[in-house]
Amino acid sequence: MNHSSGISTTPQPSLWGSMWAETVTSWKEMVAPRSVVDNLLSGLTVAFVALPLNLALALACGLPASAGLITGAVTGVIAALFGGSRLQVTGPEVALVPLTFEILQRHGPHGLLCATFLCGVLQMLMGVARVGRLIHMIPVSVIGGFMAAVGLLVFNSQLPRLLGLPAEMRLVSSLPGTGWLAHVDLFAVGVGALVVAATVLLPKLHRRLPGGLIGLGAAVLAVSALGIGTASVGPISASFPAPALPEFHRLEFIAIFPEAIALALLASIDSLLSAVAIDAQSNTKRHSSEQELMAQGVANVVSSMIGGMPVAGAIVRSSAALQCGASTRLAALTQSVTLLGLLYLARPFVERLPLAGLAGILLVVGYRLINWQQARLMWRVSRFEAFVFVATAASIVVTDFVGGVLMGLVLSLVHFAHLQRKVDVSLVTPTDEPAEMPRLLELPARRSLGPTPPVAVVRVEGPIFFASHTELRSLAEGRPLPRHLVFDLAGVPLIDCTGIEAFRALLARLREQGTRALLSRASQGVAERLQEAGLLQAFTGGRVFPTVAEALESLDEPAARASVFAARRGQPSSPLLRPEAPAGAS
């Protein structure tokens, strides 16, 4: 016999099924006529931004320049099609350079390929475990500091290129005194200034004008017409390595695994922070952290199979794409396909691109990464959050990305603990509980029983944890205690182990002085933690009373029940139990 329940039994799509459906939808959006042109131009422009970065980052890691270009092209296609962020551009990243260089020096090229392969596998496992959701808990001040640090690092590495300094003078931070001034190439400065002006001004005339691309074209023409030599990209190799699995048998797995874990964590944090930052700058659907980690993992596995280098979501290229009008996956896909095209079809032209012009585009993007408006807002609203913003950026610049982000998170937690450190304790008045107290006030036994009442109702508000437990411990210090004390915990959202131990010590002190404690209106979570700690039984009745009124009615002294509420407005009321509160405060 069939029974109709009237309840829909249609199975809900799984998380991965839902992600796949949204991915297919985003593929259809790529060919929408209203956005194709903007995204094609955006991807084309970003390819010229990514080109010098990919080449330079590969060289900085000790790899051939072509490895950066091929890696950025192939992995960029994978992440563009399957990534959880529709606007994120993936490729070699500045945050990965120090660790990549260290692995290469310790274990050689085959060790780097093995570490990159393991990095990808670990990222996919993190995606399956859905740990990427934790990235949404990072405060805006830390994300803003992260973006500002990337902008500062761009300035540090690209100003020497804009000034036409020799290749060995790679960073502003390493320039020797004032001796570098003699090496400044004024023609290179002029080329860079031309590209900067085109990048900034042309989009203001019309938003579809690719200012950076037009500026680079003008720079190449100027260099050719004037015949003045300036640093350019130079020769690059167009050979494509045959895909193959890394040679794990050539090294000890135990030796490479810890570094692979560090690489996976760094690449994941960098990618997800970049995705969060892009979400904040755009109006598109929020990214899926799990899907992004899976795509980044696949990209790193493929990179290791073609002799490439570790990759991550690139905030500089992603922001450049967004600023150039990107709105769908087509922009990132165009960027990657263009890199392949430049490698095989326009290699002579690419080799002639002036580094000063490319540096000009990067400097504009780097400046825009520093959110000055957000920093000013934080300074007005919360000086400490502004300090976290600056401290995060400074720590990343001075140390590394992981250490800087961790420092920002620790400072944010300290700030949160500081804001939540105070537990407010006050007497309950009739106006606080209009649904419960009038009935008690009507008891004929209402009268004053002296300065120290036999019953007191104390409301505790705020989390009871490691930063606020001292307030709770001070309740029983320096004051005469009543025979009955009712704790109203309706305003306590959480209690940790430190708070539980503080409550345990307070109850022991109350028992020594002959005071019975009752518990009312604790949330389910707080009550469960007290029960698990064996502390609930220490309260009279061994349970949580649903209302303050029921806790008072459980006492065997009717006069005592009402005496704490006997004071009329304007009359002296019972003293608070905390030393710093004046009598009669509520």
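Here, every reference points to the structure presented above.
Reading the values: the criteria
- Residues numbered from 1 in each chain as written.
- Predicted model: local features only at pLDDT ≥ 70, side-chain atom pairs only at ≥ 80, totals over all residues.
- Heavy atoms only, no water.
- Helix = DSSP H or I, 4+ residues; strand = E, 2+ residues; numbered from the N terminus.
- Buried < 20%, exposed > 50% of the residue type's maximum accessible area, 1.4 Å probe, protein only.
- Contact = heavy atoms within 4.5 Å.
- Pairing = 2+ DSSP bridges.
- 1 Å grid on protein atoms, 1.4 Å probe; cavity = no way out; pocket = protein on both sides within 12 Å on 5 of 7 lines; lining within 4 Å.
- Points joined across faces, edges and corners; volume = space filled by probe spheres on them.
- Nonpolar A, V, L, I, M, F, W, Y, C, P; charged D, E, K, R; others polar.
- Expected span 1.5 Å × (residues − 1).
- Core = buried A, V, L, I, M, F, W, Y, C linked by side-chain atoms within 4.5 Å.
- Salt bridge = Lys/Arg side-chain N within 4 Å of Asp/Glu carboxyl O.
- Axes fitted to C-alpha atoms, helices over the stretch in contact; angles between N-to-C directions.
- Left-handed = near helix turned anticlockwise from the far one by under 90°.
- Phe/Tyr/Trp six-rings, centres within 6.5 Å; stacked < 30°, edge-to-face > 60°.
- Patch = residues over 30% accessible without salt bridge, like charges linked within 9 Å, V, L, I, M, F, W, Y side chains within 5 Å.
- Areas by Shrake-Rupley, 256 points an atom, 1.4 Å probe, with all protein chains shown as cover.

1. Section: the overall build of the protein chain
Okay, so step 1: Counting its secondary structure elements, the protein chain contains 22 helices and 7 strands.
Okay, so step 2: Looking at the protein chain as a whole, 51% of its 586 residues are labelled buried.
Okay, so step 3: In the protein chain, once contacts between residues fewer than 6 apart in sequence are set aside, the share between residues at least 24 apart is 84%.

2. What to know about the pairing of strand E5 (residues 484-491)
Each regular strand shows side chains that alternate between the opposite faces of the sheet.
Okay, so step 1: Counting buried positions along E5 gives 6 out of 8 residues, so the element sits mostly inside the fold.
Okay, so step 2: One ladder, built from 6 bridges, connects strand E4 (residues 455-461) with E5; its direction is parallel. The residue of E5 that forms the bridge with Val457 is Val486.

3. Some thoughts on empty space enclosed by the protein
Okay, so step 1: Taken as a whole and assessed by the stated rule, the structure comprises 2 cavities of 30 Å³ or more.
Okay, so step 2: Of the voids in this model, the second largest cavity is the one considered here, and its volume is about 30 Å³.
Okay, so step 3: Lining of the second largest cavity is provided by Ala95, Phe146, Leu266, Ile269, Asp270, Leu273, Phe401, Val402 and Val405.
Okay, so step 4: The set of elements that each furnish at least two residues to the lining of the second largest cavity consists of helix H8 (253-281) and helix H16 (401-419).
Okay, so step 5: Broken down by element, the residue count for the lining of the second largest cavity peaks at 4 residues, all from H8.
Okay, so step 6: Looking at the lining of the second largest cavity residue by residue, the class counts come to 8 nonpolar, no polar and 1 charged.

4. Thoughts on unusual backbone geometry
Note: most peptide bonds trans; most residues except glycine with negative phi.
Okay, so step 1: You will see that Arg130, though not glycine, has its phi angle at about 60 degrees, which is positive.
Okay, so step 2: When you line up the elements, Arg130 lands in the loop between helix H4 (97-129) and helix H5 (140-162).
Okay, so step 3: Residue classification places Arg130 among the partly exposed positions, given a relative accessible area of 32%.
Okay, so step 4: Phi is positive for Arg521, close to 55 degrees, though the residue is something other than glycine.
Okay, so step 5: With respect to the element layout, Arg521 can be found in the loop between strand E6 (516-520) and helix H20 (524-532).

5. Points about the layout of surface pockets
Okay, so step 1: Of the pockets and cavities examined, the largest pocket occupies roughly 1,300 Å³.
Okay, so step 2: Lining the largest pocket are 49 residues; nearest its centre among them are Ala56, Ala60, Ser157, Arg170 and Leu171.
Okay, so step 3: Classifying every residue of the lining of the largest pocket gives 36 nonpolar, 8 polar and 5 charged.

6. Describing helix H11 (residues 329-344)
Okay, so step 1: Compared with the 22 Å implied by 1.5 Å per residue over 16 residues, the 23 Å span of H11 between its first and last C-alpha is a close match.
Okay, so step 2: When you tally the buried positions in H11, you get 12 out of 16 residues, the bulk of the element.
Okay, so step 3: Along H11, the residues that are buried comprise Arg329, Leu330, Ala331, Ala332, Leu333, Thr334, Gln335, Ser336, Thr338, Leu339, Leu342 and Leu343.

7. Quick word on the nonpolar core
Okay, so step 1: The biggest cluster of nonpolar side chains holds 101 residues, and the ones touching the most others in it are Leu63, Phe146, Val150, Ile315, Val316, Leu353 and Phe401.
Okay, so step 2: Ignoring sequence-local partners within four residues, the contact set of Leu353 consists of Phe48, Leu51, Val220, Ala231, Ser232, Val233 and Leu358.
Okay, so step 3: Counting residues in hydrophobic clusters, the runner-up holds 22 residues, among them Val460, Leu485, Ala517 and Leu535.

8. A short note on the pattern of salt bridges
Okay, so step 1: If you walk through the whole model with that rule in mind, you get 8 salt bridges.
Okay, so step 2: A salt bridge links Arg106 to Glu259; the nearest nitrogen and oxygen atoms lie 2.7 Å apart. Note that Arg106 is positioned in helix H4 and Glu259 in helix H8, a separation of 153 residues in sequence.
Okay, so step 3: Taking the relative accessible area as the measure of exposure, Arg106 reaches 55% and is therefore exposed.
Okay, so step 4: For Glu259, a relative accessible area of 9% corresponds to the buried category.

9. Looking at the packing of H4 against H8
Okay, so step 1: Contact pair H4 / H8: the axes reach a minimum separation of 7 Å and the direction vectors enclose 65 degrees. Where H4 crosses over H8, the handedness of that crossing is right-handed.
Okay, so step 2: Residues that form the contact of H4 with H8 fall into these classes: 18 nonpolar, 6 polar and 2 charged.

10. A few points about the packing of aromatic side chains
Okay, so step 1: Applying the stated criterion across every chain yields a total of 8 aromatic pairs.
Okay, so step 2: Measuring from ring centre to ring centre gives 5.6 Å for Phe117 and Phe248, while their planes differ by 75 degrees; the resulting arrangement is edge-to-face. In this pair, Phe117 sits in helix H4 while Phe248 sits in the loop between helix H7 (211-226) and H8, placing the two residues 131 residues apart along the sequence.
Okay, so step 3: Residue classification places Phe117 among the buried residues on the basis of a relative accessible area of 17%.

11. Quick word on a nonpolar patch on the surface
Okay, so step 1: Judged by side-chain polarity, Phe384, Phe387, Val410 and Val414 come together as a nonpolar surface patch covering roughly 350 Å² of accessible area.
Okay, so step 2: Of all elements in the fold, only helix H15 (383-398) and H16 reach the threshold of two or more residues within the nonpolar patch.
Okay, so step 3: Within the secondary structure, Phe387 is located in helix H15.

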